[in-house]
Each structure stands twice: as structure tokens, then as C-alpha cells.
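The primary structure of each chain is shown beneath.
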Amino acid sequence: MRRGGVFLLKKLQTRVVGTAALFLCVALIAGGLTWRLAARGRADAVSVGANAQAQMEEETAFIKWVDFNAPLAVLEQALRYDIDSRTEAVKLDWIALLAYSAAMNGGVYKGDKACGHIDALAERLRAGERMRDIVADMRYYRYYFEAYSAILAGFVGSYRLLHEDAPRYGLKVYSPVAKAYGFGHCDDFGDARTYGYKRSHLGNDLMGAVGTPVIAVEGGAVQALGWSEYGGWRVGIRSHDGLRYYYYAHMRKDHPYVKTLKKGDIVRAGDVIGYMGMTGYSRKENVDNIDVPHLHFGMQLIFDESQEEGEKEIWIDVYHIVRLLERHRMPVEKDAVTGEYVRAEVAA
Ligand SMILES: [Zn+2]
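The numbering scheme is per chain: residues are counted from 1 as the chain's sequence reads. Whole-chain, interface and lining totals are the exception, using all residues; otherwise, since this is a predicted model, local features are given only for residues with pLDDT of at least 70 and side-chain atom pairs are given and counted only at 80 or more.

(A) Structural detail: the nonpolar core. Core analysis: the biggest nonpolar cluster contains 78 residues, and Leu 97, Leu 98, Ala 99, Tyr 148, Ile 215, Tyr 248 and Ile 273 have the highest contact counts within it. Considering every element that reaches this core, the biggest residue donor is helix α7 (residues 141–152), with nine residues. Summarising the domain contributions, this core has at least three residues from each of domain 1 (72–152) and domain 2 (192–347). Distance between backbone-placed C-beta atoms decides contact: two residues are in contact if it is within 7 Å. Not counting residues within four places of it along the chain, the set of residues in contact with Leu 98 comprises Ala 70, Val 74, Ala 78 and Tyr 148. In this description, a nonpolar core means buried residues of the types Ala, Val, Leu, Ile, Met, Phe, Trp, Tyr and Cys, linked to one another by C-beta atoms lying within 7 Å. Comment: burial labels come from other C-beta atoms within 10 Å of the residue's own C-beta, placed from the backbone, where a count of 20 or more is buried, 12 or fewer is exposed, and between is partly exposed. Secondary structure is summarised from DSSP: a helix means a run of H or I of at least four residues, a strand means a run of E of at least two, and numbering begins at the N terminus for each. Domain extents, as shown, originate in an automatic or database domain assignment.

Given below as C-alpha cells:
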């Protein structure tokens with residue numbers, strides 16, 4: 001009886017210890033999850049404009065949607081502050097300036113208000129105010145900073161040209177069209193497309209001549225290369241930080257890419273990757289079914305792998321980005337041995 005009582009007591013103790021351990025595990029897991037959500041989320045998932053408020057209410061771990069509307073003048077102004085301040089006591093970060101202007105105007109750019117916001121912010125920072133104090137009460141700043149960082153993180157910084165010792169500072173991404181090759185484009189993001197099924201145009205069409213060398217805007221890994229019914233011969237390059245996926249489509253019939261290029265390759269910003277063409281809109285490979293030769297250039301943001309493919313994809317309007325990149329174009333030359341065009345940055 002007594003021994004039985006001790007046994008029961010021990011059993012009870014074991015159960016209590018076991019339950020406590022279980023509670024501790026649950027608490028640790030929950031705590032870890034909260035910490036991860038807080039660290040990863042940093043900002044709630046929001047959209048701009050009408051959807052911003054509703055989405056802000058949702059507790060989510062990563063950004064679900066981004067509209068990018070900053071016009072060329074605003075991008076150039078923020079970039080100028082960033083570059084001009086690189087040796088000054090107060091270094092101005094163009095992404096912070098842009099995020100601030102977006103948070104001030106709700107992501108809607110009208111007139112020159114945004115430029116005024118950026119000027120005012122630059123003045124306050126130069127006068128010694130701290131960014132974190134200025135934005136402390138701005139509800140959407142962190143969202144815009146994270147969203148704009150995803151778009152522009154690889155764009156500006158120190159970089160070195162192949163044959164130069166001294167590093168340069170500035171735009172280190174390139175126009176998708178090689179220097180000295182003409183192209184025309186307009187803001188066609190969201191336009192209706194009807195081939196296959198009714199859908200929106202999720203990129204920018206750069207109209208030019210067949211054979212125009214196409215340049216890798218940013219460095220990264222070749223993730224897709226080959227035929228797609230819609231894009232024809234196309235290349236997809238994922239940035240090293242994984243946040244941006246660059247899509248180059250409708251490339252030239254018969255010789256779409258630099259011949260040595262293959263899936264898994266790492267390319268540098270400014271490398272020639274292939275040639276403009278008019279392939280696509282065909283289930284059959286290597287068919288020119290596009291009316292006007294052009295490069296379809298697109299940028300997708302991937303905050304979470306669930307957004308890589310399918311209806312959760314986030315594509316950005318790159319029209320103003322392409323305009324910004326016109327100030328940084330890669331000269332090319334033909335390699336006499338391979339017949340391919342290659343970067344010729346010595347002359348840049
Ligand atoms: Zn297109």
C-alpha cells in the first residue's frame with residue numbers, strides 16, 4: 001500500500017514534470033515564432049492607396065503587395081542626394097528618402113510634392129535630426145522602406161569596372177538595352193493582353209531592332225532559360241539576395257541567348273545575356289509570333305517562396321526604372337572569335 005502510494009506519487013511527479021516540460025516547449029516555440037514574425041515582418045503587409053489600411057490590420061509575416069509609382073524625377077532627385085552625400089558627414093540613403101516621400105503621400109505621386117518632401121527631409125537630416133526620430137510616428141514608413149528596399153537594394157553602391165582599380169559609387173545596375181542601340185517604350189504596365197486569356201501586362205516593352213544586345217540589369221543566378229508559350233525564348237535571373245526576379249522575354253529566333261549561357265550560371269550586372277527578337281505566343285518553340293520586335297522586361301518581387309509562382313506573384317511597374325537606367329548603359333563589342341556581343345566597359 002505504502003509502496004503503491006510512493007509509486008503513484010512518483011508517477012504524479014513524472015506527469016507534472018512532463019506537463020511542465022511540454023508547457024515550456026510550447027512557450028519557447030511560441031516565443032520563437034513571435035520573435036521570427038517580428039523580425040521578418042518588421043512591417044505589416046500592406047498595399048498602397050485604398051487597400052493599405054485594410055491590409056495593415058492583418059498580421060502577416062511578409063509583404064504581400066507592392067505598387068511602385070515613384071516617377072523618374074523623384075528617383076533622380078533621391079539618387080542625386082545619395083551620390084552627392086557619399087563623402088559628407090551625413091550620408092543620405094536614397095531608399096530612405098523615397099520611402100519617406102511615399103509614406104508622406106500614400107504612394108501617390110502628384111505634381112512636385114514628393115520632391116518637396118525629399119528636400120525637406122534632406123535638410124532636416126543635414127541639420128542633425130535622426131531618421132528614426134523623424135519617422136517614429138509615421139505608420140507606413142517601415143512598410144515603404146522594406147518594399148522599396150526589395151526593389152532597389154541592388155541598384156546603388158560601390159562597384160568596380162573590370163579594368164579599373166578605383167571603385168566607383170553610383171548606379172551599378174544597367175539598362176537592359178546595350179549602349180548605342182535605340183529603343184522606344186511607354187508606361188504599358190497593366191495594359192490588357194489577350195493572347196491565350198485576358199490578362200494584364202506585367203512589364204515594360206522596349207521596342208527595338210532584332211539582334212539588339214540585351215544586358216543583365218543586375219547580377220544574379222540564371223533561374224529560367226528556354227521556351228515559354230507566352231514569353232518565347234526567355235531568361236529569368238534571380239538577384240543574389242533572392243528578392244528580385246528579372247524577366248527578359250521574346251528573344252531572337254535561332255540565336256536568343258549568348259550561346260554559353262545556361263541555367264544556374266551567375267551573371268554580372270552589365271553582361272550581355274542575349275538578343276532582342278520577336279519570339280513567343282506559340283506553343284511551338286522558336287516561332288516569331290510577336291508583331292513588333294521588342295524586349296519584354298519585367299521585375300518580380302519575392303519576399304517569400306510562396307510568391308514565386310502563381311496568383312501571389314508581385315510584379316512591379318518598371319517603366320520609370322528603365323528610364324532611370326538609361327543613364328547607365330553598357331557599351332558592347334562583337335567578339336571576333338565567338339561572334340557574340342560582349343561587354344566593353346573600358347569605354348564607359
Ligand atoms: Zn511585354
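Picking up where we left off.
(B) Structural detail: the confidence of the model for the protein chain. Model confidence for the protein chain is summarised by a mean pLDDT of 87, while 82% of its residues fall at 70 or above. By definition, pLDDT measures how confident the predictor is in each residue, and it falls between 0 and 100. Here residues 1–12 scores under 50 on pLDDT; set against residues more than four positions off or in separate chains, the count is zero contacts. Residue range residues 22–48 is modelled with pLDDT below 50. Its contacts to residues more than four positions away, or to other chains, number 34 contacts.

(C) Region of interest: the packing of helix α3 (residues 72–84) against helix α4 (residues 94–105). Two elements in contact, α3 and α4, have axes whose closest approach is 8 Å; the angle formed by their N-to-C orientations is 140 degrees. Taken as axis vectors, α3 and α4 run oblique relative to one another. α3 and α4 meet at a crossing whose hand is right-handed. From α3, Val 74, Ala 78, Leu 79, Tyr 81 and Asp 82 reach across to α4, where they touch Trp 94, Leu 97, Leu 98 and Ser 101. Partitioning the contact of α3 with α4 into residue classes produces seven nonpolar, one polar and one charged. Each axis is a line fitted through C-alpha atoms, and for a helix only the stretch in contact is used; angles between axes span 0 to 180 degrees, taken between their N-to-C directions. Reported orientations rely on four angle classes, namely roughly parallel under 35 degrees, roughly antiparallel over 145, roughly perpendicular from 65 to 115, and oblique for the rest. Here is the rule for handedness: rotate from the far helix to the near one, and if that takes an anticlockwise turn smaller than a right angle the crossing is left-handed, while a clockwise turn gives right-handed. Residues are sorted three ways: Asp, Glu, Lys and Arg are charged, Ala, Val, Leu, Ile, Met, Phe, Trp, Tyr, Cys and Pro are nonpolar, and all the rest, Gly among them, are polar.

(D) Region of interest: α3. Between its first and last C-alpha atoms α3 spans 18 Å; for 13 residues at 1.5 Å apiece the expected length is 18 Å, and the two agree. Taken together, the buried positions of α3 are occupied by Val 74, Gln 77, Ala 78, Leu 79, Tyr 81 and Asp 82. Tucked inside the fold, the buried residues of α3 contact α4, α5 (113–126) and β1 (156–159). How far a helix is expected to stretch is found by multiplying one less than its residue total by 1.5 Å.

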